[in-house]
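Inside the fold
The residues making up each chain are set out below.
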Amino acid sequence: MHRLVQVLGATTLVALVAACSNTATGHEDAAAVPGGAASSAAAPAASAVPAASAVPAASAGDAAEAAATPRPSSSSTAPAPELVKTNHTDSARLTIRPDRIGPLKIGMSLRAAKATGLIVVNTDQDAAGPDGCVSAHWKGQSKDVWMVFNGKYGLRAVDSFGDQKTPEGIKPGSTLAAVRRAYPHLTWRVDGDDTPAARRTGGDALVDAVKGDGAHYRISIEKKKVTDVQLESDRTGCYE
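Residues numbered from 1 in each chain as written. Predicted model: local features only at pLDDT ≥ 70, side-chain atom pairs only at ≥ 80, totals over all residues. Heavy atoms only, no water.

Now for the overall build of the protein chain. Of regular secondary structure, the protein chain possesses 6 helices and 11 strands. Within the protein chain, the fraction of its 240 residues that count as buried is 30%. For the protein chain, the exposed area adds up to about 15,000 Å²; of that, 57% sits on carbon and sulfur atoms. (Helix = DSSP H or I, 4+ residues; strand = E, 2+ residues; numbered from the N terminus. Buried < 20%, exposed > 50% of the residue type's maximum accessible area, 1.4 Å probe, protein only. Areas by Shrake-Rupley, 256 points an atom, 1.4 Å probe, with all protein chains shown as cover.)

This next bit is on the nonpolar core. Within the largest apolar cluster, 34 residues are counted, with the highest numbers of intra-cluster contacts made by Leu 104, Ile 119, Trp 138, Met 147, Leu 155, Tyr 183 and Ile 219. At the level of elements, β5 (133-138), β6 (146-150), β7 (154-159), α6 (176-182), β9 (203-207), β10 (215-222) and β11 (225-233) are the ones that each hand at least two residues to this core. Among the elements that make up this core, the one with the highest residue count is β10 (4 residues). The residues contacting Tyr 183, other than those within four sequence positions of it, are Thr 166, Glu 168, Ile 170, Val 207, Tyr 217 and Ile 219. (Core = buried A, V, L, I, M, F, W, Y, C linked by side-chain atoms within 4.5 Å. Contact = heavy atoms within 4.5 Å.)

Before going further, it helps to spend a moment on the sheet that holds β10. The strand order across the open sheet formed by 8 strands is β4-β5-β6-β7-β11-β10-β9-β8, and the pairing between neighbours is antiparallel. Taken across any chain shown, the strands that pair with only one partner, and hence form the sheet edges, are β4 (119-121) and β8 (187-188). When β4 meets β5, the two strands line up antiparallel, connected through 3 bridges. If you follow Val 120 over to β5, its bridge partner there is His 137. (Pairing = 2+ DSSP bridges.)

Quick look at the state of the cysteines now. Inspection of every chain in the model, using the stated rule, returns 1 disulfide. Put simply, Cys 133 and Cys 238 are joined by a disulfide, and their sulfur atoms are 1.9 Å apart. The S-S bond linking Cys 133 to Cys 238 shows a torsion near -80°; that makes this disulfide left-handed. A residue pair is termed long-range when its members are at least 10 positions apart, and Cys 133 in strand β5 and Cys 238 in the segment after β11 qualify at 105 residues. (Disulfide = S-S within 2.5 Å.)

Moving on, we get to the pattern of salt bridges. One pass over the full model with this rule turns up 10 salt bridges. Note that Asp 90 is salt-bridged to Arg 93, the shortest N-O span being 3.5 Å. Here Lys 171 and Asp 163 are joined by a salt bridge, their closest N and O atoms 2.7 Å apart. Residues joined in a network through salt bridges with shared partners are Asp 99, Arg 100 and Lys 105. (Salt bridge = Lys/Arg side-chain N within 4 Å of Asp/Glu carboxyl O.)

Interpretation note: all reported values are geometric properties and have no functional meaning in isolation.
Listed below in C-alpha coordinates is the structure:
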(Lines give C-alpha, C1' and ligand atoms only; values in the text may rest on other atoms or scores of the structure.)
Protein backbone atom coordinates (compact mmCIF):
# COMPACT_ATOMS: atom_id res chain seq x y z
CA MET A 1 0.00 0.00 0.00
CA HIS A 2 2.80 2.36 0.89
CA ARG A 3 4.59 1.36 -2.39
CA LEU A 4 1.37 2.06 -4.39
CA VAL A 5 1.13 5.49 -2.83
CA GLN A 6 4.73 6.15 -3.81
CA VAL A 7 4.07 4.97 -7.37
CA LEU A 8 0.94 7.07 -7.61
CA GLY A 9 2.87 10.05 -6.21
CA ALA A 10 5.64 9.58 -8.75
CA THR A 11 3.10 9.22 -11.55
CA THR A 12 1.35 12.39 -10.48
CA LEU A 13 4.68 14.21 -10.32
CA VAL A 14 5.58 13.08 -13.87
CA ALA A 15 2.18 14.19 -15.12
CA LEU A 16 2.59 17.61 -13.54
CA VAL A 17 6.08 18.01 -15.04
CA ALA A 18 4.78 17.02 -18.48
CA ALA A 19 1.91 19.48 -18.21
CA CYS A 20 4.27 22.28 -17.22
CA SER A 21 6.55 21.36 -20.12
CA ASN A 22 3.65 21.48 -22.61
CA THR A 23 2.55 24.84 -21.21
CA ALA A 24 6.06 26.31 -21.55
CA THR A 25 6.38 24.96 -25.10
CA GLY A 26 3.08 26.58 -25.97
CA HIS A 27 4.35 29.91 -24.70
CA GLU A 28 7.58 29.54 -26.68
CA ASP A 29 5.65 28.64 -29.88
CA ALA A 30 3.42 31.66 -29.40
CA ALA A 31 6.45 33.89 -28.89
CA ALA A 32 8.05 32.51 -32.08
CA VAL A 33 5.09 33.58 -34.20
CA PRO A 34 5.73 37.07 -35.73
CA GLY A 35 3.47 39.76 -34.37
CA GLY A 36 2.37 40.65 -37.88
CA ALA A 37 1.16 37.06 -38.47
CA ALA A 38 -0.75 36.92 -35.20
CA SER A 39 -2.63 40.12 -35.84
CA SER A 40 -2.62 40.42 -39.61
CA ALA A 41 -6.33 41.15 -39.70
CA ALA A 42 -5.85 44.21 -37.53
CA ALA A 43 -2.91 45.59 -39.56
CA PRO A 44 -3.74 48.51 -41.91
CA ALA A 45 -3.70 47.71 -45.61
CA ALA A 46 -0.60 48.92 -47.51
CA SER A 47 -1.12 51.54 -50.16
CA ALA A 48 -1.42 50.02 -53.61
CA VAL A 49 0.11 53.10 -55.22
CA PRO A 50 3.86 53.69 -54.48
CA ALA A 51 4.96 57.22 -53.75
CA ALA A 52 6.40 58.98 -56.75
CA SER A 53 10.12 59.69 -56.49
CA ALA A 54 11.55 62.99 -57.54
CA VAL A 55 13.67 62.78 -60.71
CA PRO A 56 16.05 65.68 -61.37
CA ALA A 57 15.69 67.32 -64.75
CA ALA A 58 18.54 66.67 -67.17
CA SER A 59 20.65 69.62 -68.24
CA ALA A 60 20.79 70.75 -71.85
CA GLY A 61 24.37 69.45 -72.05
CA ASP A 62 23.36 66.01 -70.76
CA ALA A 63 20.42 65.87 -73.16
CA ALA A 64 22.63 66.75 -76.11
CA GLU A 65 25.19 64.19 -75.00
CA ALA A 66 22.53 61.50 -74.65
CA ALA A 67 21.42 62.16 -78.21
CA ALA A 68 24.92 61.35 -79.42
CA THR A 69 25.30 58.16 -77.40
CA PRO A 70 25.03 54.75 -79.11
CA ARG A 71 21.69 53.04 -78.38
CA PRO A 72 21.66 49.25 -77.97
CA SER A 73 19.25 47.19 -80.05
CA SER A 74 16.47 45.26 -78.30
CA SER A 75 16.92 42.27 -80.60
CA SER A 76 19.81 39.88 -80.02
CA THR A 77 19.98 39.11 -83.74
CA ALA A 78 19.99 42.73 -84.86
CA PRO A 79 23.24 44.22 -86.23
CA ALA A 80 25.50 46.31 -83.99
CA PRO A 81 23.90 49.69 -83.21
CA GLU A 82 25.19 52.71 -85.09
CA LEU A 83 26.19 55.95 -83.44
CA VAL A 84 23.25 58.34 -83.32
CA LYS A 85 24.32 61.59 -84.95
CA THR A 86 23.56 65.00 -83.53
CA ASN A 87 23.70 68.33 -85.32
CA HIS A 88 26.10 71.19 -84.69
CA THR A 89 23.39 73.17 -82.87
CA ASP A 90 23.07 70.40 -80.27
CA SER A 91 26.85 70.00 -80.06
CA ALA A 92 27.19 73.62 -78.90
CA ARG A 93 25.65 72.53 -75.56
CA LEU A 94 27.70 69.40 -74.95
CA THR A 95 29.48 68.96 -71.62
CA ILE A 96 33.29 69.14 -71.56
CA ARG A 97 34.01 66.08 -69.45
CA PRO A 98 37.52 65.16 -68.18
CA ASP A 99 38.27 62.90 -71.17
CA ARG A 100 35.70 63.81 -73.84
CA ILE A 101 33.28 66.36 -75.22
CA GLY A 102 30.07 64.52 -75.99
CA PRO A 103 31.01 61.47 -78.10
CA LEU A 104 34.43 62.87 -79.06
CA LYS A 105 36.79 61.13 -76.66
CA ILE A 106 40.53 61.62 -76.33
CA GLY A 107 42.22 58.64 -78.02
CA MET A 108 39.36 57.74 -80.39
CA SER A 109 40.26 57.14 -84.02
CA LEU A 110 39.63 59.62 -86.82
CA ARG A 111 37.28 57.12 -88.44
CA ALA A 112 35.17 56.83 -85.27
CA ALA A 113 35.09 60.61 -84.90
CA LYS A 114 33.85 61.01 -88.49
CA ALA A 115 31.05 58.55 -87.75
CA THR A 116 29.61 60.94 -85.15
CA GLY A 117 28.82 63.48 -87.88
CA LEU A 118 30.27 66.23 -85.68
CA ILE A 119 33.58 66.92 -87.40
CA VAL A 120 34.93 68.08 -90.74
CA VAL A 121 38.48 67.15 -91.76
CA ASN A 122 40.40 70.15 -93.04
CA THR A 123 41.17 69.86 -96.75
CA ASP A 124 44.13 72.25 -96.89
CA GLN A 125 46.70 69.84 -95.43
CA ASP A 126 49.13 67.30 -96.74
CA ALA A 127 48.20 63.64 -96.72
CA ALA A 128 49.31 62.21 -93.39
CA GLY A 129 51.07 58.91 -92.98
CA PRO A 130 49.94 56.16 -90.59
CA ASP A 131 51.46 58.03 -87.64
CA GLY A 132 50.93 61.54 -88.99
CA CYS A 133 48.76 64.35 -87.70
CA VAL A 134 45.38 65.27 -89.20
CA SER A 135 43.57 68.47 -88.28
CA ALA A 136 39.80 68.90 -88.29
CA HIS A 137 37.17 71.21 -86.82
CA TRP A 138 33.64 71.08 -85.42
CA LYS A 139 30.98 70.87 -88.09
CA GLY A 140 29.31 74.22 -88.66
CA GLN A 141 32.20 76.12 -87.06
CA SER A 142 35.29 77.82 -88.38
CA LYS A 143 38.64 76.05 -88.55
CA ASP A 144 39.64 77.99 -85.45
CA VAL A 145 37.45 75.62 -83.40
CA TRP A 146 39.92 72.88 -84.04
CA MET A 147 40.90 69.36 -83.13
CA VAL A 148 43.83 67.19 -84.13
CA PHE A 149 44.26 63.46 -84.61
CA ASN A 150 47.26 61.16 -84.73
CA GLY A 151 47.13 58.01 -86.83
CA LYS A 152 48.51 55.91 -84.00
CA TYR A 153 47.04 57.50 -80.87
CA GLY A 154 43.79 58.97 -82.17
CA LEU A 155 42.30 62.25 -80.97
CA ARG A 156 45.05 64.32 -79.33
CA ALA A 157 43.31 67.61 -78.54
CA VAL A 158 39.93 69.26 -79.10
CA ASP A 159 38.73 72.81 -78.63
CA SER A 160 35.34 73.77 -77.21
CA PHE A 161 32.83 76.32 -78.49
CA GLY A 162 29.36 77.77 -77.93
CA ASP A 163 27.82 76.96 -74.56
CA GLN A 164 30.01 73.92 -73.94
CA LYS A 165 31.26 73.87 -70.35
CA THR A 166 32.79 71.55 -67.79
CA PRO A 167 30.58 69.75 -65.24
CA GLU A 168 31.65 72.46 -62.76
CA GLY A 169 30.35 75.17 -65.11
CA ILE A 170 33.70 76.51 -66.36
CA LYS A 171 33.57 78.01 -69.85
CA PRO A 172 34.74 81.16 -71.66
CA GLY A 173 33.70 84.13 -69.54
CA SER A 174 34.19 82.34 -66.21
CA THR A 175 36.41 84.12 -63.71
CA LEU A 176 39.82 82.93 -62.53
CA ALA A 177 38.36 82.82 -59.02
CA ALA A 178 35.68 80.39 -60.21
CA VAL A 179 38.34 78.23 -61.86
CA ARG A 180 40.38 78.14 -58.64
CA ARG A 181 37.31 77.16 -56.63
CA ALA A 182 36.38 74.41 -59.09
CA TYR A 183 39.95 73.09 -59.44
CA PRO A 184 42.05 74.00 -56.38
CA HIS A 185 44.89 71.72 -57.56
CA LEU A 186 45.37 73.36 -60.96
CA THR A 187 48.87 73.96 -62.27
CA TRP A 188 50.16 76.47 -64.81
CA ARG A 189 51.75 75.58 -68.11
CA VAL A 190 55.41 76.50 -68.16
CA ASP A 191 55.62 79.70 -70.22
CA GLY A 192 58.53 81.67 -68.79
CA ASP A 193 56.35 83.65 -66.38
CA ASP A 194 58.01 83.62 -62.95
CA THR A 195 54.98 85.03 -61.15
CA PRO A 196 54.01 82.80 -58.19
CA ALA A 197 51.06 80.56 -59.04
CA ALA A 198 48.86 82.08 -56.35
CA ARG A 199 49.33 85.56 -57.83
CA ARG A 200 48.97 84.76 -61.52
CA THR A 201 46.16 86.44 -63.42
CA GLY A 202 46.65 84.83 -66.80
CA GLY A 203 48.16 81.96 -68.76
CA ASP A 204 47.20 78.36 -69.46
CA ALA A 205 45.91 76.53 -66.40
CA LEU A 206 46.17 72.73 -66.58
CA VAL A 207 43.65 70.58 -64.70
CA ASP A 208 43.91 66.81 -64.41
CA ALA A 209 40.36 66.28 -63.15
CA VAL A 210 40.50 62.45 -63.21
CA LYS A 211 43.89 60.90 -62.55
CA GLY A 212 44.87 58.19 -65.00
CA ASP A 213 42.23 58.85 -67.66
CA GLY A 214 44.86 60.07 -70.13
CA ALA A 215 43.48 63.59 -70.57
CA HIS A 216 43.39 67.03 -68.94
CA TYR A 217 41.77 70.44 -69.29
CA ARG A 218 43.75 73.34 -70.68
CA ILE A 219 42.01 76.54 -69.63
CA SER A 220 43.29 79.75 -71.21
CA ILE A 221 42.96 82.81 -68.97
CA GLU A 222 43.57 86.48 -69.67
CA LYS A 223 43.13 89.24 -67.10
CA LYS A 224 41.41 86.84 -64.68
CA LYS A 225 38.85 85.72 -67.29
CA VAL A 226 38.59 82.39 -69.14
CA THR A 227 38.98 82.84 -72.89
CA ASP A 228 39.04 79.20 -74.00
CA VAL A 229 38.67 75.65 -72.69
CA GLN A 230 40.41 72.79 -74.47
CA LEU A 231 40.71 69.09 -73.78
CA GLU A 232 44.14 67.57 -74.37
CA SER A 233 45.77 64.16 -74.21
CA ASP A 234 48.38 63.56 -71.54
CA ARG A 235 50.48 62.12 -74.36
CA THR A 236 52.15 64.98 -76.22
CA GLY A 237 52.30 65.22 -79.99
CA CYS A 238 50.49 66.99 -82.86
CA TYR A 239 49.88 70.10 -80.69
CA GLU A 240 51.89 72.47 -78.52
